[in-house]
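Topology and contacts: notes
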Amino acid sequence: MATQNTFDTAAGNRVQSAPHAGFSGETRNKVLLSLRPEAQVFLQERLVRKPIAVGDVIFADGAPVTHAVFPNDGVISYMAEMEDGRSVEKASIGFEGFVGVPLVMGGGNAVGRTVVQVAGDASWLSIDDLNAAHERFVCVREAMLRYSKSLIVQLMESVACNSLHTAEQRVTRWLLQTHDRVRGDTFILTQETVSQVLGLRRATVSGICSELFMDGIVNYHRGHIAIRDRSALQGRTCECYRRVLDASLLG
């Protein structure tokens, strides 16, 4: 049974971005904040902002992409799902990007399932309003294309990372990427979520988190992770983290 899009069913990096003309001070999405002031004013009147909760499906696999979704906080994953029920993340998105890349190419259906892994909030823009913005402001399409190119880099690095790097390197990479996208050093993230995102056994993730805790790199208690030593965490990860960071708007 197809999962309904979150927008159809539902009724805020550690450094905060300065308010830009046209948007409230709570808008953190870098694609939106990169736009010219007149484009920001146009979109501010049309964007619908709402919370996103862990487990919310933004678009089901194959569902029509009806909105562009711009996270301000939280993390959303593009998931690849196998017939046997297993899944693995293809790419993740935070306040540096948006969900709805097919809209840049003129529309289409979602390729893979997009699901919220870390709660936050996002701004939603209908396809009609997005098309109107594309017609009026060249900067809107340019900004979305720029992010789409960085997403391709992340997809390519994800394939290499999942194939070549150790479970510890993959877990620490994901923790660093999440840390880059949330406010503060503590965030809610379960080991079950990490195991599902990375296609690893829960016991494997638990063992890695225990080692990071014993080495004083993270604190972990009842689904809350606190990054204590970011430099040490970077020392445990692979080069994929830096490559994705350099290609993204987070870099």
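Reading guide: rules and limits
Residues numbered from 1 in each chain as written. Predicted model: local features only at pLDDT ≥ 70, side-chain atom pairs only at ≥ 80, totals over all residues. Heavy atoms only, no water. Helix = DSSP H or I, 4+ residues; strand = E, 2+ residues; numbered from the N terminus. Buried < 20%, exposed > 50% of the residue type's maximum accessible area, 1.4 Å probe, protein only. 1 Å grid on protein atoms, 1.4 Å probe; cavity = no way out; pocket = protein on both sides within 12 Å on 5 of 7 lines; lining within 4 Å. Points joined across faces, edges and corners; volume = space filled by probe spheres on them. Pairing = 2+ DSSP bridges. Axes fitted to C-alpha atoms, helices over the stretch in contact; angles between N-to-C directions. Core = buried A, V, L, I, M, F, W, Y, C linked by side-chain atoms within 4.5 Å. Contact = heavy atoms within 4.5 Å. Salt bridge = Lys/Arg side-chain N within 4 Å of Asp/Glu carboxyl O. Parallel < 35°, antiparallel > 145°, perpendicular 65-115°, else oblique. Nonpolar A, V, L, I, M, F, W, Y, C, P; charged D, E, K, R; others polar.

1. Quick word on the overall build of the chain
Counting its secondary structure elements, the chain contains 10 helices and eight strands. Taken over 251 residues, the chain has a buried fraction of 50%.

2. Structural notes on empty space enclosed by the protein
A probe as big as a water molecule, rolled over the atoms, marks out the empty space that is left. Taken as a whole, the largest cavity encloses approximately 50 Å³ of empty space. If you go around the largest cavity, the residues you meet are Gln177, Asp180, Arg181, Tyr241, Val244, Leu245, Ser248 and Leu250. Every element with two or more residues in the lining of the largest cavity is listed here: α6 (167-181) and α10 (239-247).

3. A look at unusual backbone geometry
For Arg222, which is not a glycine, the phi torsion comes out positive at approximately 50°. Taking relative accessible area as the criterion, Arg222 reaches 73% and is therefore assigned exposed.

4. What about the sheet that holds strand β6 (residues 186-188)?
Pairing in this open sheet of three strands is antiparallel, and the strands run β6-β8-β7 from one edge to the other. This sheet does not close on itself; its edge strands, each paired only once, are β6 and β7 (218-221). Strand-to-strand, the axes of this sheet are offset by a mean angle of 20°, without reference to chain direction. The pairing of β6 with strand β8 (residues 224-227) spans three bridges and is antiparallel. For Phe187, the partnering residue across the bridge sits in β8 and is Ile225.

5. Examining the nonpolar core
Ile58, Phe70, Val140 and Met144 are the most contacted members of the largest nonpolar core, which has 37 residues in total. Examining the composition of this core, we find that six residues originate from one element, helix α5 (residues 138-164), more than from any other. Residues contacting Met144, with those up to four places away along its chain left out, are Val31, Ala68, Phe70, Phe98, Val104, Leu130 and His134. Counting 27 residues, the second-largest nonpolar core is a separate cluster that includes Phe95, Ile217, Val218 and Ile227.

6. Describing the pattern of salt bridges
Inspection of the entire model under this criterion finds 14 salt bridges. Measuring nitrogen to oxygen at the nearest pair gives 3.3 Å for the salt bridge that ties Asp73 to Arg183. Placement of the pair is Asp73 in strand β3 (residues 67-81) and Arg183 in the loop between α6 and β6, with a sequence separation of 110 residues. The partner of Glu168 in a salt bridge is Arg236, with the nearest N and O atoms 3.1 Å apart. One end of the pair, Glu168, is in helix α6; the other, Arg236, is in helix α9 (residues 230-236), with 68 residues separating them in the sequence. By relative accessible area, Glu168 is classed as partly exposed at 22%. Residue Arg236 is classed as partly exposed on the basis of its relative accessible area of 22%.

7. Observations regarding the packing of helix α4 (residues 127-136) against α5
For the pair α4 and α5, the least separation of the axes is 5 Å and the interaxial angle reads 110°. Classified by the angle between their axes, α4 and α5 sit roughly perpendicular to one another. Across from Leu130, Ala133, His134 and Arg136 in α4, the residues of α5 making contact are Val138, Val140, Arg141 and Met144. Looking at the contact of α4 with α5 residue by residue, the class counts come to five nonpolar, one polar and two charged.

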